[in-house]
Structures are given as C-alpha cells and as structure tokens.
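Structure assessment
Letter by letter, the chains look like this.
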Amino acid sequence: MLKAIDKNDNFVLIDDADKNEMYFCPICNQPLIQKRGDIREHHFSHIGLRGTNSREYVPCSDTWHYDKTDWHIQWQKRFPNECYEKIVTRGNERHIADVLINDIVIEFQHSSISIDDFRDRNNFYGSCGYKTIWVFDFIEEYEEGKISCSEYLENEYRWSYVKKFFSFPVKSKRISVF
C-alpha cells in the first residue's frame, strides 16, 4: 500500500511518511509498518501475525488481496497521487481501487487471479457506478510462447493456457490489443 492514514486522519504517501510516526490502514484502521528496503518499492504493510500476539491480531476487513509487485506500483505512480489507491465504498463494504479517475477504475494485475475475484471486483465497482479497465502484465506469457501473434490479423493474439491465469475452464482465447 502506498498510502496510509496518520493520527490526524490525513492520507500520507509512503515517501512522505515520518519513520517515527504511526500510520494506519485506511480500510480497517489497524497499524501499518513502513517497508523501505533497497530491493522493493517502498510501501506500507499490515503488521500481520509475525511479532504480535495472535489473539490481538484482527485481519483487515478488506478481503481482497493486494499483493503488489514493483510493476504494479510503478504503473500506479504514473497517475497523480490523488488518483491512485482510492477508497471505494458501498454500504459497509470498502475496497481500494488501484486508480480511480472520474467514473473509471483501473486495476493492474501482474499475477494470476481467480475468475471469482475478477467478477467480484467488476461487480463491486460496477454497482458503485464505475467502469473497470484491467491492465494485465502478460510479458512472461508472451516470452514463454503462451501468447502468439495472429498470422492473419494485425493486433490480434492467440493465448494458450488461459486457465493458469484465470481459474475457469477455457482452453484458448483470442484477445485483441488496441
């Protein structure tokens, strides 16, 4: 997570965070830790079970998984700060949109995702009045020959092994790139 809440309920970017201050999850208000190593992009993270008494730990109320890679974070940072990691609320349900601009949510996906999670996110954002655009990182699939160019149509590709990326029974799917 690139943004957290400070003790005054203000959003703070990880790169602007004071290492001596406490920051909290904008969804569940649990304390976060700052991760500022040399290998991965700087980010906030839930403390988790490690180092805490498991009776004190309460999982985040946001059940969606936000395991972000550097690829993911670098895409988010291409947008203005006020557009990424926006909280979207419907009733008591709250989630963090990767990017929210006007009525469009942009979700970045580097790793595989279940078809149920994909549908849940689309349905949630749709019910909140947003259109969802997905940006997938398929470089590895392309380099491994799982996605190949069409011999007949420009900007059309054939994708084998879709099932490994999405958890649903499809052998091969054509995709168009615009």
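This write-up is about the structure you can find in this document.

Conventions and cut-offs
- Residues numbered from 1 in each chain as written.
- Predicted model: local features only at pLDDT ≥ 70, side-chain atom pairs only at ≥ 80, totals over all residues.
- Heavy atoms only, no water.
- Salt bridge = Lys/Arg side-chain N within 4 Å of Asp/Glu carboxyl O.
- Helix = DSSP H or I, 4+ residues; strand = E, 2+ residues; numbered from the N terminus.
- Buried < 20%, exposed > 50% of the residue type's maximum accessible area, 1.4 Å probe, protein only.
- Pairing = 2+ DSSP bridges.
- Right-handed = clockwise from strand over helix to strand, strands pointing away.
- Axes fitted to C-alpha atoms, helices over the stretch in contact; angles between N-to-C directions.
- Phe/Tyr/Trp six-rings, centres within 6.5 Å; stacked < 30°, edge-to-face > 60°.
- Lys NZ or Arg CZ within 6 Å of the ring centre and 35° of its normal.
- Core = buried A, V, L, I, M, F, W, Y, C linked by side-chain atoms within 4.5 Å.

1. So, the pattern of salt bridges
Two side chains that carry opposite charge are able to pair once their charged atoms sit near each other. On inspection of all chains with the given rule, the structure shows eight salt bridges. Notably, a salt bridge pairs Asp70 with Arg40, separated by 3.7 Å at the nearest N-O pair. A residue pair is termed long-range when its members are at least 10 positions apart, and Asp70 in helix α1 (residues 70-76) and Arg40 in the loop between β4 (31-35) and β5 (43-46) qualify at 30 residues. Exposure remark for Asp70: the relative accessible area of 22% places this residue in the partly exposed category. Across the pair Glu107 and Arg121 runs a salt bridge whose closest N-O atoms are separated by 3.3 Å. Taken together, the positions of Glu107 in strand β8 (residues 104-109) and Arg121 in helix α2 (residues 115-127) put the pair 14 residues apart, joining distant regions of the chain. Bridged by salt links that share partners, the residues Asp15, Glu41 and Lys77 form one connected network.

2. Quick notes on the pairing of strand β9 (residues 131-136)
Strand direction decides the pairing type here: β8 and β9, joined by six bridges, are parallel. Paired with Phe108 across the strands is Val135, a residue of β9. Taken together, β8, α2 and β9 form a β-α-β motif whose crossover is right-handed.

3. Points about unusual backbone geometry
The phi torsion at Asp9 lies on the positive side, around 65 degrees, for a residue other than glycine. Examined against the element boundaries, Asp9 turns out to sit in the loop between β1 (3-5) and β2 (11-13).

4. Some words on the environment of His95
Here His95 shows up in strand β7 (residues 93-101). As for His95 and Trp64, which are separated by 31 residues in sequence, their C-alpha atoms are 7.6 Å apart.

5. Notes on the sheet that holds strand β6 (residues 84-90)
Pairing within the open sheet is mixed, and its four strands lie in the order β6-β7-β8-β9. Each edge of the open sheet carries a strand with a single partner, namely β6 and β9. Pairs of neighbouring strands in the sheet enclose a mean axial angle of 50 degrees, with direction left out of account. For β7 and β8, the ladder comprises three bridges, and the chain directions are antiparallel. Within β8, the position partnered with Val99 by the bridge is Ile106.

6. Digging into the packing of aromatic side chains
One pass over the full model with this rule turns up 10 aromatic pairs. Ring geometry for Trp75 and Phe108: centres 5.7 Å apart, planes at 25 degrees, overall stacked. Of this pair, Trp75 sits in helix α1 while Phe108 sits in strand β8, and the two are 33 residues apart along the sequence. With a centroid separation of 5.7 Å and an interplanar angle of 15 degrees, the aromatic rings of Trp134 and Phe136 are classed as stacked. Grouped by ring-pair contacts, the aromatic residues Trp71, Trp75, Phe79 and Phe108 constitute a single cluster. Over the ring of Tyr84 we find Lys3, and its NZ or CZ is 4.8 Å from the ring centre. The ring of Trp75 has Arg78 lying over it, and the distance from NZ or CZ to the ring centre is 4.2 Å.

7. Brief notes about the nonpolar core
The biggest cluster of nonpolar side chains holds 22 residues, and the ones touching the most others in it are Met1, Tyr23, Cys25, Leu32, Phe44 and Val99. If you list the elements that add at least two residues to this core, you get β2, α1, β7 and β8. One finds Val88, Ala97, Val105 and Phe124 within the second-largest nonpolar core, a separate group that totals seven residues.

8. Some remarks on the environment of Phe136
One can find Phe136 in strand β9. In sequence terms Phe136 and Glu107 are 29 residues apart; their C-alpha atoms lie 8.5 Å from each other.

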